[in-house]
Amino acid sequence: MKYRVIGTDPARRREVSVLALGAMLFGSFTDERTSFALLDRYVEAGGTLIDTSDNYAYWHDGGQGGQSEELLGRWRRSRGVGDEVLIATKLGARPLAPGTGFLDNPEGLSAGTIREAADRSRERLGVERLDLLYAHIDDPTVPQEETVAAFGALVAEGTVGLLGVSNQAAWRVERARALAAAAGLPGYEVLQYQHSLLRPRFDVPSGLFPDGSLGHAGPDLIGYLRAVPGLTLVAYSPLLAGAYVREGKPLAPDYDHPGTPARLAVLRDIARETGATANQVVLAWQIGAELPIVPLAGASTTAQLEENLAAVDLELTADQRARLDAAH
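Conventions and cut-offs
Residues numbered from 1 in each chain as written. Predicted model: local features only at pLDDT ≥ 70, side-chain atom pairs only at ≥ 80, totals over all residues. Heavy atoms only, no water. Phe/Tyr/Trp six-rings, centres within 6.5 Å; stacked < 30°, edge-to-face > 60°. Buried < 20%, exposed > 50% of the residue type's maximum accessible area, 1.4 Å probe, protein only. Helix = DSSP H or I, 4+ residues; strand = E, 2+ residues; numbered from the N terminus. Pairing = 2+ DSSP bridges. Axes fitted to C-alpha atoms, helices over the stretch in contact; angles between N-to-C directions. Contact = heavy atoms within 4.5 Å. Expected span 1.5 Å × (residues − 1). Arc of directions from axis to C-beta. Salt bridge = Lys/Arg side-chain N within 4 Å of Asp/Glu carboxyl O.

A. Structural context of the packing of aromatic side chains. Throughout the structure, instances matching the rule amount to four aromatic pairs. Between Tyr-56 and Trp-59 the ring centres are 6.1 Å apart and the planes differ by 75 degrees, which places this aromatic pair in the edge-to-face class. Under the relative-accessibility criterion, Tyr-56 is labelled buried at 8%. Trp-59 sits in the partly exposed class, given a relative accessible area of 38%. The interplanar angle of 70 degrees and the centroid separation of 6.1 Å between the aromatic rings of Phe-151 and Tyr-188 together place this pair among those described as edge-to-face. Of this pair, Phe-151 sits in helix H5 (residues 144-157) while Tyr-188 sits in the loop between helix H6 (170-182) and strand S8 (190-194), and the two are 37 residues apart along the sequence. Put simply, the rings of Tyr-56, Tyr-58, Trp-59 and Phe-102 touch in pairs and so form one group of aromatic residues.

Given below as structure tokens:
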């Protein structure tokens, strides 16, 4: 395994593995025995960054989520896992009532909600401190000053370590960081966005993003990451739910544009050159990037996890990396 540091404050920054494990479906769609086996193997291989959220996976049973955090708590206790493994979680997108979702009824990012949700997550995970806590989605109904102050208070109390943000416009992230800095509070340092080798159309609207996607790491966010030292991108869905390697698994409509075939062709060429899978090339491309990127990949079988872990040791040449970067 290889490692990198996330965060800047010497008191709170952490060294984590360059490959994160997504636990979104653990305890719901992925049963407990399989989930425990995947977690055990990941940690055995040197993995130290596990990702979840307080709303995972509410869509499994129409509830409010919490199954993933609860499973991770049981796994931690049964294995005696301590601070050597960083568990990141998120709040703000938990449905307020069963049968609803984050589009129509999210908890949001008010001060009271942030405190209550963080306490619930600590209880489910069985930890005194949340190592990394994200604002899962934006909440324009709450002043950013309130949200920033609430997150900062949890850090000051020692119940939260690092702060992160996901699925927000880059300008909103910068405004929140500026408000935090002006108030002498810690700000977001880890940005979790969808990022992969293929580039989607960013103008496609959705229920959460009516003006086009803010959940993908587009040019604005990548430029922001390049300009601000100390930020880290945690790239979720780097393998596009298996679409790179699984026959019959179509790409999402966002990737139906003229640039996709060219990038896929280069990816397949380099997979043949290296003897690696397309998934491994994508992960290696992210891990070895000039920018600080930590791919966040889930797995539902040990074979999938082993494939992902092997990507850590795949070294792409400068020429291969340049070809991947330039394809369009």
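B. Summary view of the pairing of strand S10 (residues 293-298). Most of S10 sits out of view: five of its six residues are buried. Bridge count between strand S3 (residues 20-22) and S10: three bridges; the pairing is parallel. Among the inter-strand pairings, Ala-20 is bridged to a residue of S10, identified as Leu-296.

C. Representation of the packing of H6 against helix H7 (residues 219-227). Relative to each other, H6 and H7 sit at 35 degrees, their axes nearing to 9 Å. On H7, the residues touching Ala-170, Val-173, Glu-174 and Arg-177 of H6 are Asp-220, Leu-221 and Tyr-224.

D. Just helix H4 (residues 111-125), in detail. An ideal rise of 1.5 Å per residue puts 21 Å on 15 residues; H4 measures up with 21 Å between its terminal C-alpha atoms. When H4 is considered as a whole, its buried residues turn out to be Thr-113, Ile-114, Ala-117, Ala-118, Ser-121, Arg-124 and Leu-125. The arc enclosing the buried residues of H4, seen along the axis, measures out at 125 degrees, which places them on a common side. Its buried side turned inward, H4 meets helix H3 (67-79), strand S5 (86-91), strand S6 (130-135) and H5.

E. The arrangement of the sheet that holds strand S4 (residues 49-51) in detail. Pairing is parallel around the closed barrel formed by eight strands, whose spatial order is S3-S4-S5-S6-S7-S8-S9-S10. Averaged over all pairs of adjacent strands, the angle between strand axes in this sheet comes to 30 degrees, irrespective of strand direction. Across the sheet, helix H9 (residues 278-287) touches strand S9 (232-236) and S10, and the angle it forms with S10 is around 150 degrees.

F. Inspection of the pattern of salt bridges at higher detail. For the coordinates displayed, the defined rule picks out 20 salt bridges. Where Arg-122 meets Asp-119, a salt bridge forms, and the shortest distance between an N and an O atom there is 2.9 Å. Of this pair, Arg-122 and Asp-119 both sit in helix H4, three residues apart, which is roughly one turn of the helix. When salt bridges that share partners are traced, they join Asp-9, Arg-12 and Glu-189 into one network.

G. Broad picture of H3. Over its 13 residues, H3 runs 18 Å from end to end, which matches the ideal 18 Å to within 8%, given 1.5 Å per residue. Turning to H3, its buried residues number three or more, namely Gln-67, Ser-68, Glu-69, Leu-71, Leu-72, Gly-73, Trp-75 and Arg-76. Close packing links the buried residues of H3 with helix H1 (32-44), S4, helix H2 (58-61), S5 and H4. Of the residues one or two after H3, Gly-80 is the one with positive phi, at around 70 degrees.

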